[in-house]
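Fold and geometry: a report
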Amino acid sequence: MQTNGVISEPITFEPTSLWYEEKTAIYDTKAEGDEIRWNFKWDSKFVNYDIRRLPYINKSHVEAPISVEINGHVINPIISLYVEGKLLQEVKIKADIKDYEKLLYETKENEFHINKQNVDGTLTSLFSLEHIVFENDNVIRIPVNRSCELTLTADNGISNAKVTIFEFYKIV
């Protein structure tokens, strides 16, 4: 195309890699310094920590991998993904994560793992028939532009967890 003696051509850019944005939610239940305590009991109701919910809409260009870190003591944790209110995936981990240990779950490409971090910092893989159901899709990724909810549950509740979602964007 030529305008005013200048030749112009349309330019097309092809993305060569993905850039990601890390979004983290931390759930922590602990005693506070200024909390009130009484030396008698009464019939009371408090927040239930049996299930932790993280509603999320992935605005990136591709499915978003996740990282979940749950501090023990936690028995038989389950990581579930609901898409538009329907259960899409469920990773059931048959394990007893003791105090001062952690469950580490990650679904980034080439970094997928389900591990237990022991008290001394060493890792024990929980990616075995003893701990998970191999027939399940055990790699949770958040779909693009859909109303999702990631839930964390366990037989004894979850008092401390960190969830990180990695939104990837196409770049040049």
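What counts and how
Residues numbered from 1 in each chain as written. Predicted model: local features only at pLDDT ≥ 70, side-chain atom pairs only at ≥ 80, totals over all residues. Heavy atoms only, no water. Buried < 20%, exposed > 50% of the residue type's maximum accessible area, 1.4 Å probe, protein only. Helix = DSSP H or I, 4+ residues; strand = E, 2+ residues; numbered from the N terminus. Pairing = 2+ DSSP bridges. Patch = residues over 30% accessible without salt bridge, like charges linked within 9 Å, V, L, I, M, F, W, Y side chains within 5 Å. Areas by Shrake-Rupley, 256 points an atom, 1.4 Å probe, with all protein chains shown as cover. Salt bridge = Lys/Arg side-chain N within 4 Å of Asp/Glu carboxyl O. Contact = heavy atoms within 4.5 Å. Phe/Tyr/Trp six-rings, centres within 6.5 Å; stacked < 30°, edge-to-face > 60°. Lys NZ or Arg CZ within 6 Å of the ring centre and 35° of its normal.

**A short note on the pairing of strand 4 (residues 51–57)**
- Residues Arg52, Leu54 and Tyr56 of strand 4 are buried on one face, while the alternating residues Ile51, Arg53, Pro55 and Ile57, pointing to the opposite face, are not.
- Sheet topology places strand 4 next to strand 14 (residues 147–153); seven bridges connect them, and they run antiparallel. Paired with leucine 54 across the bridge in strand 14 is leucine 150.

**A look at a nonpolar patch on the surface**
- Judged by side-chain polarity, Phe127, Leu129 and Phe134 come together as a nonpolar surface patch covering roughly 300 Å² of accessible area.
- With respect to the secondary-structure elements, phenylalanine 134 resides in the loop between strand 12 (123–125) and strand 13 (141–142).

**Side note on the side chain of threonine 151**
- Structurally, the position occupied by threonine 151 is in strand 14.
- Note on threonine 151: relative accessible area 2%, which makes it buried.
- Leave out the neighbours within four places in its chain, and threonine 151 touches Ile51, Arg52, Arg53, Ile78, Ile79, Ser80 and Tyr82.

**Topic: the packing of aromatic side chains**
- Across all of its chains, the model carries three aromatic pairs by this definition.
- Measuring from centroid to centroid gives 6.2 Å for tyrosine 105 and phenylalanine 112, while their planes differ by 85°, and the two rings are edge-to-face.
- For tyrosine 105, a relative accessible area of 0% corresponds to the buried category.
- Judged by relative accessible area, which is 27%, phenylalanine 112 ranks as partly exposed.
- The ring of phenylalanine 166 is capped by lysine 108, whose NZ or CZ atom sits 4.3 Å from the centre of that ring.

**Some details on unusual backbone geometry**
- Here the residue pair glycine 72 and histidine 73 is connected by a cis peptide bond, since its omega of 15° sits within 30 degrees of zero.
- Along the chain, histidine 73 turns up in the loop between strand 5 (64–71) and strand 6 (74–75).
- One non-glycine residue with positive phi stands out, namely asparagine 76, at about 50°.
- In this structure asparagine 76 comes out as partly exposed when scored by relative accessible area, which is 25%.

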